[in-house]
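Remarks on the overall topology
These are the residues of each chain, in order.
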Amino acid sequence: MKKGLAFFVPLALVFLFCSPVFSQQNEKSIEVVLIDNFDTPDQNEWSWQVQASRYIDDGSGGGAKYPLIGYFKGISDSLRTFVKEGDPEPQVLGAKVKYKRKGDNWFEVYPEKDGKPFEIPFRGNVTTLDFWVWGSNYLYFMDVLVRDAEGCVHIIPAGNLKFYGWRNIILKVPTYLKQKSSYHSIANNTLTLVGFRFRADPSEHADDFTVFIDKVQYTAAGITHVYDGYDLNVADFGDRTTGEGQ
């Protein structure tokens, strides 16, 4: 029995270490992808817009019409050291709101293209979201909105903004989010960024809230979901309707 066991163990090791390499999926190719640093807004295929809940001050009383959004010169001191000579002047994206009363107030910052909301597609299997946010010490809560590969929108909480100045936020993308669909009928088979939502604590002051965002990026396994013959997944048999599979 001992001799038989001695023969069996090395044989098992042979199968363990000599398995074909191509039978294992490699997810070690990690890359960092910049979505927007807001330095060159005229070079993006999208712009950034803002929308707010019903009690926003719309200027009907003669004042400014909120919500407001724009680009401003600025950068976190932690990022300033990475700015090289010849780079565009650093800018950040800012939004400002004012409401008519306290309550469940909220607003969303989202990308737009050709006058319509546009969802920015992620590349690869996304593991973390990474961005900088400037707080003005108001009790607002920030969420990142993403849509999975099968069309469901998910909320990823980013914490509250009750602090002063810049803070780097790094969020893990939940593993239960479907970043690839098994259905061929799904046109946009990837995770997409829908936008950012900011929610006020019901007891927080309703006027003069300002927030800035900078350097939105993510990390991903770049080759996940790509396999030999991947391009045949969207082969056109002549039965496709306009825009399907694009």
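Residues numbered from 1 in each chain as written. Predicted model: local features only at pLDDT ≥ 70, side-chain atom pairs only at ≥ 80, totals over all residues. Heavy atoms only, no water.

Pairs of aromatic rings are described using the distance from one ring centre to the other and the angle between the two planes. A full pass over the atoms with the stated rule returns 13 aromatic pairs. Each ring, one from Phe107 and one from Phe209, has its centre 6.0 Å from the other, and the planes form 55°; the classification is tilted. One end of the pair, Phe107, is in strand S5 (residues 106–113); the other, Phe209, is in strand S13 (residues 209–221), and 102 residues separate them in sequence. The exposure class of Phe107 is buried, given its relative accessible area of 0%. (Phe/Tyr/Trp six-rings, centres within 6.5 Å; stacked < 30°, edge-to-face > 60°. Helix = DSSP H or I, 4+ residues; strand = E, 2+ residues; numbered from the N terminus. Buried < 20%, exposed > 50% of the residue type's maximum accessible area, 1.4 Å probe, protein only.)

So, about the environment of His154. As for its placement among the helices and strands, His154 is situated in strand S10 (residues 153–160). Remark: the alpha-carbon pair of His154 and Leu177, spanning 23 residues in sequence, is separated by 8.0 Å. Of the polar contacts made by the side chain of His154, one reaches the side chain of Asp148; its length is 2.9 Å. (Polar contact = N/O pair within 3.5 Å; in protein donor to acceptor, adjacent residues only side chain to side chain.)

Quick look at the environment of Ser29 now. Following the sequence through the fold, Ser29 ends up in the loop between helix H1 (2–17) and strand S1 (30–36). Residues Ser29 and Gly124 lie 95 residues apart in sequence; the distance between their C-alpha atoms is 9.7 Å.

Let us now look at the pairing of S13. Buried residues dominate S13, accounting for 12 of its 13 residues. Relative to S13, S1 runs antiparallel, the two being bridged by 6 bridges. Across the sheet, the residue bridging to Leu34 is Gln217, located in S13. Relative to S13, strand S4 (residues 91–97) runs antiparallel, the two sharing 5 bridges. Pairing of Val97 across the sheet is with Phe209, part of S13. Looking at chain direction, strand S8 (residues 125–136) and S13 are connected through 8 bridges and run antiparallel. Residue pairing across strands places Thr128 opposite Thr219, the latter belonging to S13. (Pairing = 2+ DSSP bridges.)

Remember that the coordinates give geometry; whether it matters functionally is a separate question.
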